Amino acid sequence: MNSHRPRKQFGQNFLHDQNILDKIIAAIHPLPGQHFVEIGPGHGAMTRRLIEPVDALHVIEIDRDLAAALPLAITSEKLTVHEADALKFDFSTLRPDHAPLRLAGNLPYNISTPLLFHILGYNELFADIHVMLQKEVAQRIAAGPGNRTYGRLSVAIAARCEIESLF
């Protein structure tokens, strides 16, 4: 599965560094009984770590080759792979018995802003959202009034979310 070359059209950038993965999982802190959604699992580096404690993990992968390879690499009844475009995905189809969902993802720069707006449309479904973003996008999100990067994205996210930039 790791022989897959990143596809520029999808803005793929795969997580490999175990120290970074440790920090991400520690920040997310997945627990038993929780239902997770992961956007862009790629080779499954974060997927493998998320699936261990949780009750269910839905992954959304646009790349058909990666979507097909993931259930072969990670065999678990808790894993459901959706070969789909996260920008068009109906997250409401994943909500079990009105229990809150948790979302994590390593978002590609080229679609991070429209994808965040799409996710905000389902804000009531998610208990929390943990996303890895390019530094400039994270700075735009966390910008306050008067900052030159403050804008529509900053306002939309601040109105619905508590923002914390981790590392």
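Going by the structure above, here's the rest.
Keep in mind it's a predicted model, so treat the numbers as computed, not measured.

(A) A look at the side chain of His58. Within the secondary structure layout, His58 lies in strand S2 (residues 56–61). In this structure the side chain of His58 is engaged in a polar contact, spanning 2.8 Å, whose partner is the side chain of His82. Apart from the residues lying within four places of it in its own chain, the contact partners of His58 are Phe36, Val37, Glu38, Thr80, His82 and Leu94.

(B) Fine view of the pairing of S2. Within S2, six of the six residues are buried, which leaves it mostly tucked inside the rest of the structure. Burial along S2 is two-sided: Ala56, His58 and Ile60 and Leu57, Val59 and Glu61, pointing in opposite directions, are all buried. One ladder, built from five bridges, connects strand S1 (residues 35–39) with S2; its direction is parallel. Within S2, the position partnered with Ile39 by the bridge is Ile60. Handedness of the β-α-β unit built from S1, helix H2 (residues 45–51) and S2 comes out right-handed. Bridge analysis of S2 against strand S3 (residues 79–83) gives five bridges, and the strand direction is parallel. Across the sheet, residue Glu61 finds its bridge partner in S3, namely Glu83. As a crossover connection, the stretch from S2 through helix H3 (residues 64–73) into S3 is right-handed.

About the thresholds
Residues numbered from 1 in each chain as written. Predicted model: local features only at pLDDT ≥ 70, side-chain atom pairs only at ≥ 80, totals over all residues. Heavy atoms only, no water. Helix = DSSP H or I, 4+ residues; strand = E, 2+ residues; numbered from the N terminus. Polar contact = N/O pair within 3.5 Å; in protein donor to acceptor, adjacent residues only side chain to side chain. Contact = heavy atoms within 4.5 Å. Buried < 20%, exposed > 50% of the residue type's maximum accessible area, 1.4 Å probe, protein only. Pairing = 2+ DSSP bridges. Right-handed = clockwise from strand over helix to strand, strands pointing away.

The values reported here are purely geometric and, on their own, carry no functional implication.
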